[in-house]
Amino acid sequence: MSPDLLEQGGERLRAASGPGYGRVVLPGQLDLAHGRILYLEDVHVSFDGFRAINGLSIDISPGELRCIIGPNGAGKTTMMDIITGKTRPDRGTVFFGGTIDLLRHSEAQIAQLGIGRKFQRPTVFEALSVYENLELALQGSRALSASLWGVLSGEQRDRLAEVLMLIRLQDQMTRAAGLLSHGQKQWLEIGMLLVQDPKLLLLDEPVAGMTDQETERTAELILTLKGRHSIVVVEHDMGFVDRIAEKVTVLAEGSVLAEGSLAQVQADERVIEVYLGR
Ligand SMILES: Nc1ncnc2c1ncn2[C@@H]1O[C@H](COP(=O)(O)OP(=O)(O)OP(=O)(O)O)[C@@H](O)[C@H]1O
């Protein structure tokens, strides 16, 4: 056996003896063998003694589109903050795939691992064009030091063109982002995540403040992304949730109250109670 083959064999053995339970998982590769892309178990977070997240357990399958609903203060945003490393839980388990312990990674590392998050308020660069915003998202900080134009590979240009079509802003590509409507800014921000090809996409209230027509277009966009990316959507707009949802998780007081189709959870007495505040 050649030294190269021996070395490769050694690498595979070392990987197999790691936390992959006997499977060979290369560094940075997502292990989906357990059928979960995201896994939270018994997570707790308190803010000054107030239990914002209280024994939260949830798992998301690869390619799944999950909607998270729940009354104000249920812990939805805090859950997103925990997944993305913005808030550290007091205890609990948070895994990305079978082997990546997210609690051992920084916010920047988690983004690098392929978890993209869209916040409630769009944070596009208003003075830059739609295309430049996408280009910046694709290239990260490297684009700031290089000339913005003419540094993309053909493959990268194809990716930007594809995303522009998906978010339906191809006619607006040279327009300053600051001149877009609220809905268009939200789509641009989703596009800025998509160019990075995230494995898991977290969308926090994507249709807040949108017109009915913009909401419908956003539903179409998310349904197009379904299956290509694993997606978690937090949303209060039940019409929108009904349009896109397969499985819905209801959070209340920091833990899962109910799970199922939207019709199932809406018929659940406990869910009705927390929404009506009885
Ligand atoms: N940094 C913080 N310090 C203190 N309390 C916090 C902090 N972040 C969240 N909370 C509290 O934790 C609880 C859960 O908040 P969170 O924003 O996660 O709820 P939510 O379900 O996203 O609500 P909404 O639907 O209103 O956005 C709330 O009572 C909130 O006031």
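Residues numbered from 1 in each chain as written. Predicted model: local features only at pLDDT ≥ 70, side-chain atom pairs only at ≥ 80, totals over all residues. Heavy atoms only, no water.

The name recorded for the chain in an unreviewed UniProt entry is Urea ABC transporter ATP-binding protein UrtD, from Roseateles chitinivorans.

The next point concerns the nonpolar core. Ranked by internal contacts, the top residues of the largest apolar core, which has 46 residues, are Leu188 and Val233. Domain assignment of the residues forming this core places at least three in each of domain 1 (30-122 + 182-278) and domain 2 (125-179). If we skip the residues at most four places from it in the chain, Leu188 touches Val124, Val130, Asn133, Leu134, Ile167, Leu169, Ala177 and Leu180. Core analysis: the next-biggest nonpolar cluster, separate from the first, contains 28 residues, Val43, Ile58, Ile60 and Leu102 among them. (Core = buried A, V, L, I, M, F, W, Y, C linked by side-chain atoms within 4.5 Å. Buried < 20%, exposed > 50% of the residue type's maximum accessible area, 1.4 Å probe, protein only. Domains from an automatic or database assignment. Contact = heavy atoms within 4.5 Å.)

Before going further, it helps to spend a moment on the pairing of strand β3 (residues 65-69). Counting buried positions along β3 yields five of five residues, so the element is predominantly enclosed. Side chains Leu65, Cys67 and Ile69 of β3 all project onto a buried face; the interleaved residues Arg66 and Ile68 project onto the opposite face, where all are buried too. Relative to strand β8 (residues 230-234), β3 runs parallel, the two sharing four bridges. For Arg66, the partnering residue across the bridge sits in β8 and is Val232. Bridge analysis of β3 against strand β9 (residues 247-252) gives four bridges, and the strand direction is parallel. Following the sheet pairing, Cys67 is matched in β9 by Val248. (Helix = DSSP H or I, 4+ residues; strand = E, 2+ residues; numbered from the N terminus. Pairing = 2+ DSSP bridges.)

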